[in-house]
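Letter by letter, the chains look like this.
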Amino acid sequence: IQNKKKFVEFCIKKSLKNINSPISKFFFHDPEDFKFITKNSSYLNYLKKKFKIKNFGISLYELSENRIALINKYNIDVQLPVNLTNFKKIKLNKLKVEIFVRSIFLQGLLVNKKIQKKLITNELNLAHKEYFKFLKLNRFDPLNLNLNFILGLKKIHKVIIGFNSMKELNKILKIKKKVYKKRYFSDVYNIFKNINTDPRLWNEKK
């Protein structure tokens with residue numbers, strides 16, 4: 001534990017030096033650190049005061065009832081993968097902390113039609129093709145649909161978006177607000193409902 005505490009403090013000092021500005025949120029990106037955070041709340045409060053950090057957070061892949069209870073109890077901000085393929089499985093409404101979301105395009109799967117050649121499982125390939133048929137049938141732009149879905153989630157505080165170029169970023173920033181019927185979001189969810197969409201498990205073709 002002591003070594004872990006020293007390492008956390010080292011990382012904070014290094015981050016402060018690198019960014020040369022105050023740290024608003026400090027996230028632990030290994031889900032295994034969840035136990036450390038909940039068992040050492042007093043120490044983290046000490047670090048908050050010492051380094052003027054507003055709050056600590058944890059990056060997770062899924063939520064259990066027990067984790068939700070501890071997150072709310074210790075006021076731990078969370079970062080979660082949330083997108084059209086899994087939003088009904090993530091219990092955002094039960095969280096009373098700040099929620100940051102990532103993987104909103106699911107490794108590019110939900111916005112790139114040509115990506116199916118790089119996918120891992122045959123099931124996911126088929127679902128991906130069906131999804132783009134759905135988009136074409138309804139004349140939906142994939143980037144617009146996915147961004148407006150995420151931005152319409154009231155519990156979300158921040159969205160983390162990855163991009164490969166300034167051209168991609170500018171395209172994202174120019175997306176216009178549009179209201180979609182909720183049934184369309186459910187339609188997409190149902191396409192992927194019984195398929196593994198967790199990138200950590202995309203190891204072998206099946």
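Presented here is an overview of the structure given in this document. (Residues numbered from 1 in each chain as written. Predicted model: local features only at pLDDT ≥ 70, side-chain atom pairs only at ≥ 80, totals over all residues. Heavy atoms only, no water.)

**Some remarks on helix 6 (residues 142–151)**
Counting buried positions over the ten residues of helix 6 gives nine, a clear majority of the element. Those residues of helix 6 not exposed but buried are Pro-142, Leu-143, Asn-144, Leu-145, Asn-146, Leu-147, Asn-148, Phe-149 and Ile-150. (Buried < 20%, exposed > 50% of the residue type's maximum accessible area, 1.4 Å probe, protein only. Helix = DSSP H or I, 4+ residues; strand = E, 2+ residues; numbered from the N terminus.)

**Overview of the nonpolar core**
Ranked by size, the top nonpolar core spans 60 residues in total, and within it Ile-12, Phe-28, Val-78, Leu-80, Leu-95 and Phe-192 carry the most contacts. Apart from the residues within four sequence positions on either side, Leu-80 is in contact with Leu-60, Leu-63, Ile-90, Leu-92, Leu-95, Phe-100, Val-101 and Arg-102. (Core = buried A, V, L, I, M, F, W, Y, C linked by side-chain atoms within 4.5 Å. Contact = heavy atoms within 4.5 Å.)

**Quick notes on the packing of helix 1 (residues 2–19) against helix 3 (residues 41–51)**
Geometry of a packed helix pair, given as the angle between the helix axes and the separation of the axes. One can describe the packing of helix 1 onto helix 3 by two numbers: an axis separation of 12 Å at closest approach and a directional angle of 25 degrees. Overall, the two elements helix 1 and helix 3 adopt an arrangement that is roughly parallel. Here helix 1 runs over helix 3; the crossing is right-handed. Residues Lys-5, Val-8, Glu-9, Ile-12, Lys-13 and Leu-16 of helix 1 touch helix 3, and the partners they reach there are Tyr-43, Leu-47, Lys-50 and Phe-51. For the contact of helix 1 with helix 3, the residue count by class is six nonpolar, no polar and four charged. (Axes fitted to C-alpha atoms, helices over the stretch in contact; angles between N-to-C directions. Parallel < 35°, antiparallel > 145°, perpendicular 65-115°, else oblique. Left-handed = near helix turned anticlockwise from the far one by under 90°. Nonpolar A, V, L, I, M, F, W, Y, C, P; charged D, E, K, R; others polar.)

**Considering the pattern of salt bridges**
Summed over all chains, the structure comprises eight salt bridges. Among the ionic pairs, Lys-4 bridges to Asp-33, the shortest N-O distance being 2.8 Å. Of this pair, Lys-4 sits in helix 1 while Asp-33 sits in the loop between strand 1 (25–28) and helix 2 (34–39); the two residues are 29 residues apart in sequence, bridging distant segments of the chain. Given the relative accessible area of 12%, Asp-33 is considered buried. For Lys-25, the salt bridge goes to Asp-77, with nearest N and O atoms at 2.7 Å. (Salt bridge = Lys/Arg side-chain N within 4 Å of Asp/Glu carboxyl O.)

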